[in-house]
Structures are given as C-alpha cells and as structure tokens.
Amino acid sequence: MATDKNENLMEKIVSLCKRRGFVFQGSEIYGGLAGTWDYGPYGAELSHNIKELWWKHFVSSQENIFGISTPTLVPEAAWKASGHLSGFTDPVVECEKCHHRFRADHLEDKKVCPDCGGKLGDEKAVNLMFPVSMGSSGDSVAYLRGEIAPGMFLNFKNIIDTIHPDLPFGIAQIGKAYRNEIAPRDFLFRVREFDLMEFEYFVRESDWEKYFEMWRSEMHKWVERVGINKDMVHELEVAPEDRAFYSKRTIDFEFDYPFGRKELYGLAYRTDHDLRSHSAGSNVDLSFFDEESKERFIPHVIEPSFGHGRTLLAVLVSAYREDVMGDDTRVYLAFKPAIAPVKIAVFPLLKNKPELVEKAREVYKTLKKEFGAVMFDDNGNIGKRYRRQDEIGTPWCVTVDFETIEKDAGVTVRDRDTGEQKRITVEELVSYVKEQLAN
Ligand code: GAP
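Values in this document were obtained by computation on a predicted structure and should not be read as measured data.

Cut-off values and rules
Residues numbered from 1 in each chain as written. Predicted model: local features only at pLDDT ≥ 70, side-chain atom pairs only at ≥ 80, totals over all residues. Heavy atoms only, no water. Salt bridge = Lys/Arg side-chain N within 4 Å of Asp/Glu carboxyl O. Helix = DSSP H or I, 4+ residues; strand = E, 2+ residues; numbered from the N terminus. Buried < 20%, exposed > 50% of the residue type's maximum accessible area, 1.4 Å probe, protein only. Near = heavy atom within 4 Å. Polar contact = N/O pair within 3.5 Å; in protein donor to acceptor, adjacent residues only side chain to side chain. Areas by Shrake-Rupley, 256 points an atom, 1.4 Å probe, with all protein chains shown as cover. Nonpolar A, V, L, I, M, F, W, Y, C, P; charged D, E, K, R; others polar. Phe/Tyr/Trp six-rings, centres within 6.5 Å; stacked < 30°, edge-to-face > 60°. Lys NZ or Arg CZ within 6 Å of the ring centre and 35° of its normal. Lys, Arg positive; Asp, Glu negative; His and termini not counted. Contact = heavy atoms within 4.5 Å.

1. Some words on the pattern of salt bridges
Line of reasoning, step 1. On inspection of all chains with the given rule, the structure shows 38 salt bridges.
Line of reasoning, step 2. In this structure, Glu-370 engages Lys-434 in a salt bridge whose closest nitrogen and oxygen atoms are separated by 3.3 Å. Of the two residues, Glu-370 sits in helix H10 (residues 354–371) while Lys-434 sits in helix H13 (residues 426–438), which places them 64 residues apart along the sequence.
Line of reasoning, step 3. The exposure class assigned to Glu-370 is partly exposed, which follows from its relative accessible area of 38%.
Line of reasoning, step 4. Between Arg-423 and Glu-403 there is a salt bridge, and its shortest N-O distance comes to 3.7 Å.

2. Some words on the site of the ligand
Line of reasoning, step 1. Near the ligand there are 19 residues, and of these Glu-147, Arg-179, Glu-181, Glu-263 and Leu-264 occur at the shortest range.
Line of reasoning, step 2. The backbone of Phe-189 places a nitrogen or oxygen atom 3.2 Å from a nitrogen atom of the ligand.
Line of reasoning, step 3. A distance of 3.1 Å separates an oxygen atom of the ligand from a polar atom in the backbone of Gly-307.
Line of reasoning, step 4. Relative to its unbound accessible surface of 560 Å², the ligand loses 91% to contact with the protein.
Line of reasoning, step 5. Among the elements of the structure, strand E11 (193–203), strand E14 (260–271) and strand E17 (300–307) are those that each provide at least two residues to the shell around the ligand.
Line of reasoning, step 6. Classifying every residue of the shell around the ligand by side-chain character gives 7 nonpolar, 3 polar and 9 charged.

3. Some thoughts on the packing of aromatic side chains
Line of reasoning, step 1. All chains considered together, the criterion is met by 32 aromatic pairs.
Line of reasoning, step 2. Each ring, one from Phe-245 and one from Tyr-246, has its centre 5.3 Å from the other, and the planes form 70 degrees; the classification is edge-to-face.
Line of reasoning, step 3. One aromatic cluster in this structure is built from Trp-54, Phe-58, Phe-199, Tyr-201, Tyr-211, Trp-215, Trp-222, Tyr-265 and Phe-306.
Line of reasoning, step 4. Sitting above the plane of the Tyr-386 ring, Arg-414 keeps its charged end 4.2 Å from the centroid.

4. Some remarks on the side chain of Arg-145
Line of reasoning, step 1. Mapped onto the elements of the fold, Arg-145 is located in the loop between strand E9 (140–144) and helix H5 (149–154).
Line of reasoning, step 2. The buried charged residue Arg-145 lacks any salt bridge partner; its closest oppositely charged side chain belongs to Asp-195, at an N-O distance of 6.5 Å.
Line of reasoning, step 3. For Arg-145, the side chain forms a polar contact with the main-chain oxygen of Lys-176, separated by 2.6 Å.
Line of reasoning, step 4. With near-sequence residues (within four places) excluded, Arg-145 lies in contact with Thr-70, Pro-71, Thr-72, Val-74, Trp-79, Gln-173, Gly-175, Lys-176, Ala-177 and Tyr-178.

In structure tokens, the structure reads:
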C-alpha cells in the first residue's frame, strides 16, 4: 500500500542521500563550499550509470554522432568571439540596506528586499563565468567553461577533417561546467560546478525545424528510459526575451521538483551563431563543403542539453517510494535496473552457518563477474538486509538457504518493487538480469 510521499519529500531525499552515501555537501568538514556537492559510493555509481546510459542513447547507438572530450579551460579570445563575455549573464539586484544579492528574474517584487524589506538597487548583468589566471606571471586569462558547447564548436574542423561526415551530424560530450551562480540552492538543482551531457547537431539551415522536432521527441524517449516520471515533465516554449543570447528558438523541458516546476533540460536552435563567430574570432574557416551540391556554407545547429545533476535529482524524485510491507513502512528507490547503483545483493539465510555463507560467496562471485555492481551482505536479519537494499534501490536480492545446498534447488530472488520471491537457478537469474539491464 503506497503512502503519501509528497510531504517533506525534498527533506526526505536529501536525508536519504546523506544517510546512505549518495550525496554529501562539498568540502563538508570545512563548513561546506556553497553550490558544490560530493557523490559518495552509491551516488557516484548512479551518476556514472546515468552518464553511460546517456552516452549509449545519444552517442554510441547513433550512426552520426561523434563523442569527444575537451578541457574545462578555454581561452578568453574564444569567449569574446562567441559573445559569452558580454552575454553569458544573469540579472542581479542588490539590497541597499543588507547588501544581499538576488536573481532579479526570480523575484516577484524587484523593488523590495525579501530578506530585510530594504530598497533594492538597479538591476545589473553579472557574468557567470569564473576567470582563471594562467602561467607563472598570471597575466594570461582563461575561463572555466560556463557551458560545454564551445568544445564542440572549437573541434568542428577537426571532426570534418578526420571523420569526414555528411550533414547532418552531431558532436557530443559529457563534462563539467562552472557558473558563478548568485544564489545556489535546492540541493543539486542550482550549483556552481556541474556535469552537462550535450550535443551540437549540425544541419542545413533549411532543415532546422525538422531536426528540432526529431530531437524534441527523442528527448522525451530519454526521459522515460532513464526513469524520470514523464507525467512530471512539461514543455515550455521560451519567450524571445528569456532565451539565451545565441538562441532563435528554445524549448525548456521542465520537471515538477518538490520545490516547484523548474527547468530540467533545454532544446535550442543556435542558428550558425557559434561557428560563424568562432570563424571570425580565430580566422579559421569553419564552413562545410557539401560534396553533393558543391556548395560551401556554415551549418546551423540544434542543441539538446541535459543537466546531469538535475537528471539525477529528477530520477530520485521519480523513484522515491514509501509503502507498507508486512508490518513495516518501508522506503525504496524504484530505479530502472540500468541505472541502479547495485544490481543484485546476495545473502546467506543465516550468518552463523558456514555452509550457507560459503555457497552464498560462490553465488556472489559468479554474479559479480557477470554484473560488477553486486553486493554481499550478511549483517543483521534478512528483513533488515532487504530494507537496506530497498533504500539504495537494488532491484533484486538473492538468498542462499538450506534448499540451495541440500536439494540443489537454486536460490530465492526477491523483487524490490513487489517484495515477491521466487526460486530460480543462478543461470536463469543471470539471463533474466541481462535481459532487464538491456532495456
Ligand atoms: N549549452 C546550452 C546550455 O548550457 P543552459 O540552459 O544554460 O544551456 C543547460 O544549461 C542545462 O544545464 C540546463 O537545462 C540545466 O539542466 C543545467 N544547468 C544549468 N545551470 C545549472 C546550475 N547552476 N546547476 C545545475 N544545473 C544547471
């Protein structure tokens, strides 16, 4: 029986993440560094699995999307050329009395300080990028990238010259972005250092609407594949005055987070803005020669962009469940098996029976070899072991009991979501889990 999960959901998720080793405050022992978070063992697995699934969905299973990986340091000249030094800003207001600063676009009343009631000053555009002094004299300036897209534009010519793709094609990467957010908040939602999963899809100008629609529908498929509740995702056509400076059309994919409906992903039509401005800024020709039509032109770009931390948070919100099982209320995370940090946990029925422990270790080793993320647990009673695995979202718990060794009757497998158990051989289990992980 499901219980109401929405009351204090955010507090429950943050507390579970800390208690079970998913996410900790960044630099916690020094009082925490605002806008940074550390992933613990289960969080790092979950994070890695989401990236791997994204890569599989949008890169390795596509015929014409090429993955790259580029540095987080990008020279000032590139940001100047692309317009980020002037345009990559947030509107900020400061209270004249308490000097607290706020995002103007997040305030209902832009005149009165929400903290002390003081008068708010004029709105200013504050650049979000972190400058870095480089070299021993420190007089060479680079910026930690505020978005990862420049890596794809700066490598456009390298990909053309080495892979020789036809249009349309994409360049993708996953990597860190840094933004000096004025007000980091809401756990992983608004942070200063985060991973982005993104690709630039290069098309003929006349085709942009077709491919915008194609990726729009593919983004919805991804939402379901990663385990985000699709009924909590809503599209928002972004008004011209709210779009990023480089975009001619943007659709935000918003998610119903416990703290409100907010941006999860973005889909933008960046026109030929970036290739054209980097061509001008670098004096390197970034045009494309179309062998078929014998034309040379600068391709246009469709950009589907996926915040990794926001994905992880939306996955946690979608997966969090409370129900009553037997006499207990339990909490479990109904992760899709492909992203679950632990796929299978193996238990001996009793800890003090060496023959059960030995057989359970043998089963554990077999499964670990097949699936990697498999855990052995003999602490406490079976009920407690189930609860621990439910809380970290392990899809299957396997128990070795007396029938396993006395009658060679296989093991029992318990399903996380239903709590149902069935007896199955280890070989059958391996094929079943493989099938589930492929989905
Ligand atoms: N290249 C396009 C781009 O960077 P964006 O809308 O500025 O577009 C892309 O950011 C995605 O990055 C957003 O849809 C969101 O998922 C995530 N994101 C943006 N700012 C963030 C922040 N401060 N903390 C966490 N994620 C953020």
